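Coordinates in review
Listed below, chain by chain, are the residues.
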Amino acid sequence: MHFIDPQGHTRRAFLRRSGRLAMAGTALPFALNLAAMGEAAAQSATDYKALVCVFLFGGNDYANTVVTYDDPSYLAYSQIRGGNGLSGGGIAIPKASLTPTLLSPTTALPDGRQYALHPAMTQLANLYNSDGKVAVQLNVGPLVVPLTRAQYQGSDRRTYPVPPKLFSHNDQQSTWQSSSPEGSTVGWGGNLGDLAMTQNANSLFTCMSVSGNAVFLSGDNALQYQVSTDGAIAINSLKNNVYGSSTVKAAMTQLVQQTRGHTLENEYNRITVRAVQAEGQINGARGAAYPNGNPGTAGSFPYNVTAGGVTYNGNGLASQLAMVARLIRGRDTLGAKRQVFFVSMGGFDLHDNLIANQPGLMARLSDAMAAFHKEMVALGLGDNVTSFTASDFGRTLASNGDGSDHGWGGHHFVVGGAVKGKDRLYGKAPVVSINNDAKLTGYEGHVGQGRLIPGTSVDQYAGTLAKWFGVPAADLGGILPNLKNFGGADYPTDMGFMA
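Conventions and cut-offs
- Residues numbered from 1 in each chain as written.
- Predicted model: local features only at pLDDT ≥ 70, side-chain atom pairs only at ≥ 80, totals over all residues.
- Heavy atoms only, no water.
- Buried < 20%, exposed > 50% of the residue type's maximum accessible area, 1.4 Å probe, protein only.
- Helix = DSSP H or I, 4+ residues; strand = E, 2+ residues; numbered from the N terminus.
- Contact = heavy atoms within 4.5 Å.
- Axes fitted to C-alpha atoms, helices over the stretch in contact; angles between N-to-C directions.
- Parallel < 35°, antiparallel > 145°, perpendicular 65-115°, else oblique.
- Nonpolar A, V, L, I, M, F, W, Y, C, P; charged D, E, K, R; others polar.
- Pairing = 2+ DSSP bridges.
- Polar contact = N/O pair within 3.5 Å; in protein donor to acceptor, adjacent residues only side chain to side chain.
- Phe/Tyr/Trp six-rings, centres within 6.5 Å; stacked < 30°, edge-to-face > 60°.
- pLDDT = per-residue confidence, 0-100.
- Salt bridge = Lys/Arg side-chain N within 4 Å of Asp/Glu carboxyl O.
- Left-handed = near helix turned anticlockwise from the far one by under 90°.
- Expected span 1.5 Å × (residues − 1).

Attention now goes to helix 4 (residues 122-131). Buried within helix 4 we find Gln 123, Leu 124, Ala 125, Leu 127, Tyr 128 and Asn 129. Elements in contact with the buried residues of helix 4: strand 5 (115-117), strand 6 (134-141), helix 13 (354-378) and strand 14 (410-416). Following helix 4 by one or two positions, Gly 132 has its phi on the positive side, about 70°.

On to the packing of helix 4 against helix 13. Where helix 4 meets helix 13, the axes come as close as 7 Å, and the angle between the chain directions of the two elements is 45°. When the axes of helix 4 and helix 13 are compared, the pair comes out oblique. In this structure, helix 4 uses Thr 122, Gln 123, Leu 124, Leu 127 and Asp 131 to contact helix 13, whose residues at the interface are Ser 366, Asp 367, Met 369, Ala 370, His 373 and Lys 374. Along the lines of polarity and charge, the residues of the contact of helix 4 with helix 13 split into 4 nonpolar, 4 polar and 3 charged.

A separate point is the sheet that holds strand 9 (residues 231-232). One key point about sheets: their strands pair by backbone hydrogen bonds, in either a parallel or an antiparallel sense. What the 9 strands build is an open sheet, ordered 9-8-7-12-3-13-14-6-15; its pairing is mixed. One side of each edge strand has no neighbouring strand; the edge strands of this open sheet are strand 9 and strand 15 (456-457). Taken together, the 7 bridges between strand 3 (residues 49-56) and strand 13 (residues 385-391) define a ladder with parallel strand orientation. Across the sheet, residue Cys 53 finds its bridge partner in strand 13, namely Phe 388. In the packing of helix 4 onto the sheet, contacts are made with strand 6 and strand 14, and the angle to strand 6 comes to roughly 110°.

For the rest of this paragraph, the subject is the side chain of Arg 81. Relative to the elements of secondary structure, Arg 81 occurs in the loop between helix 3 (71-80) and strand 5. Only 2.8 Å separates the side chain of Arg 81 from the side chain of Asp 61, close enough to count as a polar contact. Sequence-distant contacts of Arg 81, defined by excluding residues within four places in its chain, comprise Asp 61, Ala 63, Asn 64, Gly 89, Gly 90, Ile 91, Ala 92, Leu 354, Thr 396, Leu 397, Ser 399 and Ser 404.

Let's shift gears to the packing of aromatic side chains. By the definition in use, this model includes 10 aromatic pairs. With 5.6 Å between their ring centres and 85° between their planes, Phe 205 and Tyr 225 make a pair best called edge-to-face. Of this pair, Phe 205 sits in the loop between helix 7 (188-196) and strand 7 (207-209) while Tyr 225 sits in strand 8 (residues 224-228), and the two are 20 residues apart along the sequence. Exposure class is identical for Phe 205 and Tyr 225. Each is buried.

Our next topic: the confidence of the model for the protein. The predicted model of the protein averages 87 in pLDDT, with 88% of residues at 70 or higher. Low confidence marks residues 1-43, where pLDDT is under 50. Its contacts with residues over four positions away, or in another chain, come to 141 contacts.

A separate point is unusual backbone geometry. For Asn 139, which is not glycine, the phi torsion reads 50° and is therefore positive. Along the chain, the position of Asn 139 falls in strand 6. For Asn 139, a relative accessible area of 4% corresponds to the buried category.

Considering all chains together, one arrives at 8 salt bridges under this definition. The partner of Asp 71 in a salt bridge is Lys 95, with the nearest N and O atoms 2.3 Å apart. Note that Asp 71 is positioned in helix 3 and Lys 95 in the loop between helix 3 and strand 5, a separation of 24 residues in sequence. On the basis of relative accessible area, Lys 95 is assigned to the buried category, the value being 13%.

Their axes nearest at 9 Å, the elements helix 11 (residues 316-329) and helix 13 cross at an angle of 15°. Considering the angle they form, helix 11 stands roughly parallel to helix 13. Handedness of the helix 11/helix 13 crossing: right-handed. On helix 13, the residues that touch Leu 317, Ala 318, Leu 321, Val 324, Ala 325 and Ile 328 of helix 11 are Arg 364, Leu 365, Ala 368, Met 369, Phe 372, Glu 375 and Met 376. For the contact of helix 11 with helix 13, the class distribution of residues is 11 nonpolar, no polar and 2 charged.

What follows deals with the environment of Val 144. Relative to the helices and strands, Val 144 resides in the loop between strand 6 and helix 5 (149-153). The exposure class of Val 144 is buried, given its relative accessible area of 7%. Taking the C-alpha atoms as reference points, Val 144 and Pro 161, 17 residues apart in sequence, are found 6.3 Å from one another.

Here strand 10 (residues 304-307) pairs with strand 11 (residues 310-313) via 4 bridges, running antiparallel. Bridge assignment links Thr 306 to a residue of strand 11, and that residue is Thr 311. What sits between strand 10 and strand 11 in their antiparallel hairpin is a turn of 2 residues, with Gly 308 showing a positive phi close to 60°.

Spacing of three or four residues puts side chains on the same side of an α-helix, whose turn is 3.6 residues. Between the first and last C-alpha of helix 13 there are 36 Å, a value that for 25 residues agrees with the 36 Å anticipated at 1.5 Å per step. Of all 25 residues that make up helix 13, 19 are buried, and the element is covered over most of its length. Gly 380 sits one or two residues past helix 13 and shows a positive phi near 80°.

Take the side chain of Ser 366 next. Tracing the chain through its elements places Ser 366 in helix 13. Ser 366 sits in the buried class, given a relative accessible area of 0%. From its side chain, Ser 366 meets the backbone nitrogen of Gln 123 in a polar contact 3.4 Å long. When sequence neighbours within four positions are dropped, the list of residues in contact with Ser 366 reads Ala 120, Met 121, Thr 122, Gln 123 and Leu 124.

Below is the structure:
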């Protein structure tokens, strides 16, 4: 274990931002400050580690992703979602379809609760049951303090602060990535990059996105370097002839890279030179592309997937993760020992067509994440690379007729060789109810229509990942200011899913 040196890095940026968050009463994002490792400490790394954020844009439907399976819970789920008993229907998946993806943890949940993955997620289910390298974190989401329904609905926001702008796409995407609603400029992945920069021979390759611009990777000092699924993004006028003229291209190349007397012009050219050099380094490090293949076999990625007998052409997530794998494979060429990556999928805002459209999304997610892990194992880095999902929010348990609406807590996956997946399901199994009568069972645990109050805070989730990364327990409170609000058997500061 290579621990972070708590004496080796300035706390100035961390203290500035944590003070800002405290004044705003803001819930920290998912694994936020794995982030403030960037401000709390510097690291002496002799090994390699990477985190890969897989963001599911639109808000994933938790209830049909990790599906309640035991008969009492399933029957409640089916009824709420417009089904007919065990046969399902409406937006409820038939129970018989879930048997092949039933999860079999070593330690069962209390009260006989059971879960299965969506029927299209066979690869992750197999990786869970056979290898134990997938952790399922139940009902995680932004919290400042533990909340009951009464506290959420009450007016005492000083004692029981609520995360800002819940149920809003842009704001919750930003909150998960950066700790603040839309408009935030610094993300927890970028803050982690602030820490890792000094450990990499070229700090530019610390935070890398294969999914465009993401606040997640913006640090106080770290810059996010964006690549496409083909490699570095070239400056067209320097790569190709301009108006068909190689002479113009040569003149442009000289013009934008030469030293200039004007300060701003010179800085612009300096950045251009850096971009050109980085392009060459990336394209030299990426190596050969991975072919299309079976997600269960290392050395290939599933660019086309099949679910329920339907073949879905194209898997953008697999293409992005394949590029991440190529960059990790070329880590020595890039001089990288600590890296943070961002990839994403869209299409999860399924207010309608949930049953029709979710299988393809789930198959792509499952196949791509499983294939990526198998390739990391083949590279000898299974224990060194951890990927995880995040999303705007969970969705309602209640059906709107053809889909579900914006929610709060949701279920997420953590995949990697250092993950203790099969030991148990992590967190608390949430209520399966849309009851709004405080006198009846099923009132607590949601805020209406089955919008879950998170049973695990993002700080707990973050603390668990931070410890795997190497942060000493004594420094977690300085990195995760809200972590002090959690603890004990109900809200442990270490969820236990990382070795």
